[in-house]
Structure formats: structure tokens, C-alpha cells
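A look at the structure
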Amino acid sequence: MAARIIDGKAVAAAVRERVKVDVAAYVEEAGRVPGLATVLVGEDPASQVYVGMKRRNTEDVGMRSIHHEPEASIREEELLELVRELNEDDDVDGILVQLPLPAQISENAIVAAIDPRKDVDGLTPINAGLLAHGDPGLVPCTPSGVMELLAHEGVGLEGAEAVVVGRSKLVGVPVARLLLQANATVTVCHSRTRDLDATCRRADVLVAAVGVPRLLGKEAVKEGAIVIDVGVNRLEEGLVGDVDYEAAAEVAAAITPVPGGVGPMTIAMLLDNTLQAARMRTTSG
Ligand code: NAP
């Protein structure tokens, strides 16, 4: 195995440390503590774990965690009312509604109701639109985590061939937009892409955000490429990514492991976004 391992845990720890220092400076300056409101509907075990980690990390960096846990039977109108209350609450700088939501609730309606200035997941149409315009507001956490890892590795993106596999609103599209903004030449692949391996093999930077275990093997990786695997797939053997790690590591220059690559970055960037939201609200009055 030749590839360098990109240690997301270490980079995420450094981001959290940076945020912690910046939070202390903000508290000193603004005389208030930034607050992140989390909303967890129902009792999905994976969501419980994610939200628990987000809350702990929020407090660890010196911010306030405000938590709501409505029952799974909540009606859409009631959840919208909760979001409106959080929009109005001056102690709340960021609002995170953990997805997925129960079937009776439209995720789009709930996300769209979040005040874009408090949209620390970066998923509202306003923030997605700002990113598309090349004038980003709050950017989705996993994509900005990917960019942070690339920056940490010192990857030169200007003019580089970047291939993103996946075109979701949550990961693929915003990653592609950020790479484009960094002046990479970006190709976005999806389930209808004709020759996936050949397209991926063009990539200096390959980002996989698919949700299919080990979809991309050695044939999909150019010699010397940087491979960022966003995929998290739960198999009996444990968590695996969308890239066949062992095979890809034989040809790549650097690769993220799963777990321990992109995953830890998502929460770190959420904390960063919450502080950014607090600063934006403080300066805009
Ligand atoms: P998603 O909404 O299901 O989107 C998956 C994308 O992959 C779609 O654009 C789909 O194409 C494409 N696709 C599916 N099968 C394909 C195939 N055989 N060949 C090429 N493209 C294919 O998923 P997501 O929310 O973006 O998440 C992607 C992965 O990232 C998942 O494993 C998820 O668990 C993981 N994830 C990790 C984090 C983290 O913090 N590490 C955060 C978010 C997501 P179409 O558009 O044509 O259907």
C-alpha cells in the first residue's frame, strides 16, 4: 500500500481546537455565548448517536447546546412552529434539524422554514442558491469538511481535474460547487453516468459520495490521485466507504479511511458554522 492516509480525526481535532479559541474570543468580545439548537424527532438510534455527539462537541468548544426532542408522531405544522420559535430566539445562533424526518413531515418544508442566517447545515434554498452564485453563506458541513481536508493536505486545486461521484443536495452538488470555486475542472457523476471507472480515472482529486459499498476500485483511481471517500455504509463487517480502500490505496497518493476520514470533519465544520452564524448575527445587529 503506497498511499498516504488522510487522518480526518486529527484534522477535525485541530478544527475544533481552532473553534474553541475563536469561541472564547467571541464570548469576550460579544458578551454572550453562541448557541446551537438541535432538534431530534423520534428515536432513530443512528440519529440519536449523531445528535449526542454534536451536543457534546458543542459544549466542549464552549458553546451552548439547546435541545428539543419531539415525539415521532409530531405533525408538520407543530414542527414548523418549533422552527419558527427557534428562528425568533435570540439565544439560538444555529438550528440543526436532524434528518431523516418521519414520513408525515416534508423535509423540504422544514428545512426551508429555517432562518438562512441560522441554517448551520447550509441546506436552505437561500444558502444553496448563494453557493451556486459563487457567494457562499453558510455552507453544508460535509462538503466544507472535504475542502478542509484537501487544504490540510496542501492539494493544489487550481486547474486540477476533480471528479465527484454523487449529485445530492447534501454532499455531491455542494462539493462540486466548492471545487469549481477553487478553480478545479469539475465533473459530476451519478447513477446514469456511462463509463464511471473511465471518468473517475481522469481525476487528480476523486470524491465519492454515493452510498454503495466499495463501488470504486483500483480501475477508478488514477496513479497519484487524492481520494476522498464520503461514503458511510454499514455492513456486517463494520463501516465501509464507497471506495475499495485497500485496492485504491495501491495507486492513490493519499486517501481518507472510513471511518476516521470525512466523518469526524462534519461535526467540526458544524461547530465552525455555528460560530460563523453567531458572528454574522452580531455584526448585522
Ligand atoms: P444520496 O442522496 O443517496 O445520493 C447518492 C448519489 O449517488 C446520487 O446522486 C446517485 O445518483 C449516486 N449514485 C447512486 N448509485 C450510483 C452508482 N452505482 N454509480 C454512480 N452514482 C451513483 O446520498 P448522500 O446523502 O449524498 O450520501 C452519500 C454517501 O455519503 C452515503 O454513504 C452517506 O452515508 C454518506 N454521508 C456521509 C457523511 C459524513 O459525515 N461522512 C455525511 C453525509 C453523507 P442519482 O442522482 O442519479 O440517483
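Look a little higher up for the structure.
Residues numbered from 1 in each chain as written. Predicted model: local features only at pLDDT ≥ 70, side-chain atom pairs only at ≥ 80, totals over all residues. Heavy atoms only, no water.

To continue, consider the overall build of the chain. Tallying secondary structure elements over the chain gives ten helices and eleven strands in all. C-alpha extents for the chain along the principal axes are approximately 50 × 45 × 35 Å. Each of the 285 residues in the chain was classed as buried or not, and the buried ones make up 48%. Taking the contacts inside the chain whose residues are at least 6 apart along the sequence as the reference set, 70% of them involve residues at least 24 apart. When the accessible surface of the chain is totalled, it reaches about 13200 Å², and 50% of it is carbon and sulfur. (Helix = DSSP H or I, 4+ residues; strand = E, 2+ residues; numbered from the N terminus. Buried < 20%, exposed > 50% of the residue type's maximum accessible area, 1.4 Å probe, protein only. Contact = heavy atoms within 4.5 Å. Areas by Shrake-Rupley, 256 points an atom, 1.4 Å probe, with all protein chains shown as cover.)

If you trace the backbone, Ile66 turns up in strand β3 (residues 64-68). Ile66 sits 28 residues away from Thr38 along the chain, and the two C-alpha atoms are 6.3 Å apart. Beyond its immediate chain neighbours, meaning those up to four positions away, Ile66 contacts Gly35, Leu36, Ala37, Thr38, Asp91 and Val92.

What follows is about unusual backbone geometry. Peptide bonds are, in most cases, trans, and in most cases residues other than glycine have a negative phi. With an omega dihedral of 5°, the bond running from Leu99 to Pro100 counts as a cis peptide bond. Locating Pro100 in the fold gives a position in the loop between β4 (94-97) and α4 (107-113). Each neighbour pair has its own omega, and for Val258 with Pro259 the value is 0°, a cis peptide bond. Phi is positive for Asn183, close to 70°, though the residue is something other than glycine.

For the rest of this paragraph, the subject is the nonpolar core. In terms of nonpolar packing, the biggest core is built from 46 residues, with Val146, Leu150, Leu179, Val205, Val207, Ile226 and Ile228 touching the most fellow members. When residues of this core are traced back to their parent elements, those giving at least two are α1 (8-30), α6 (141-152), β5 (161-165), α7 (172-181), β7 (205-208), β8 (226-229) and α10 (263-283). Looking at this core element by element, the count peaks at eight residues for α10. Discounting residues that sit within four places of it in the chain, Ile226 has contacts with Ile6, Leu150, Val155, Asp204, Val205, Leu206, Ala253 and Ala254. Listed in part, the 20 residues of the second largest apolar core include Cys200, Ala208, Ala225 and Ile255. (Core = buried A, V, L, I, M, F, W, Y, C linked by side-chain atoms within 4.5 Å.)

For the rest of this paragraph, the subject is the site of the ligand. Among the 21 residues in the neighbourhood of the ligand, the closest are listed as Arg167, Ser168, Ser191, Val232 and Thr266. His190 places a polar main-chain atom, nitrogen or oxygen, 3.4 Å from a nitrogen atom of the ligand. When the ligand is considered free in solution it has 940 Å² of accessible area, and contact with the protein chains removes 68% of it. Among the residues making up the shell around the ligand, the classes are represented as ten nonpolar, ten polar and one charged. (Near = heavy atom within 4 Å. Polar contact = N/O pair within 3.5 Å; in protein donor to acceptor, adjacent residues only side chain to side chain. Nonpolar A, V, L, I, M, F, W, Y, C, P; charged D, E, K, R; others polar.)

Close contact between α6 and α7 brings their axes to 8 Å; oriented N to C, the two are set at 40°. One finds that α6 runs oblique with respect to α7. In this structure, the crossing between α6 and α7 has a hand that is right-handed. Of the residues in α7, those touching α6 at Pro143, Ser144, Val146, Met147 and Leu150 are Pro174, Val175, Leu178 and Leu179. (Axes fitted to C-alpha atoms, helices over the stretch in contact; angles between N-to-C directions. Parallel < 35°, antiparallel > 145°, perpendicular 65-115°, else oblique. Left-handed = near helix turned anticlockwise from the far one by under 90°.)

Moving on to the sheet that holds β3. Strand order in this open sheet of three strands is β3-β2-β4, and the pairing throughout is parallel. Both edges of this open sheet fall to β3 and β4, since each of them pairs with a single strand only. Within this sheet the neighbouring strands show an average axis-to-axis angle of 20°, counted without direction. Looking at chain direction, strand β2 (residues 35-39) and β3 are connected through five bridges and run parallel. When the bridges of β3 are listed, Ala37 appears paired with Ile66. (Pairing = 2+ DSSP bridges.)

Restricting attention to buried positions, one finds in α7 the residues Gly172, Pro174, Val175, Ala176, Leu178 and Leu179. Looking one or two residues past α7, Asn183 carries a phi angle of roughly 70°, positive in sign.

What follows deals with the sheet that holds strand β6 (residues 185-189). Ordered by their spatial adjacency, six strands build an open sheet running β1-β11-β8-β7-β5-β6, and the pairing between neighbours is parallel. Because the sheet does not close on itself, it has two edges, and the strands there are β1 (4-5) and β6. Bridging between β1 and strand β11 (residues 254-255) involves two bridges; their strand directions are parallel. Among the inter-strand pairings, Arg4 is bridged to a residue of β11, identified as Ala254.

Two faces, one strand: in a regular strand the side chains alternate between the faces of the sheet. The buried count for β5 comes to four of five residues, which makes it a mostly enclosed element. Sheet topology note: the β5/β6 ladder contains five bridges and is parallel. Bridging across to β6, Glu161 finds its partner in Thr185. With four bridges joining them, β5 and β7 adopt parallel strand pairing. Paired with Ala162 across the two strands is Val205, which belongs to β7.

Distances and angles like these do not, on their own, reveal function.
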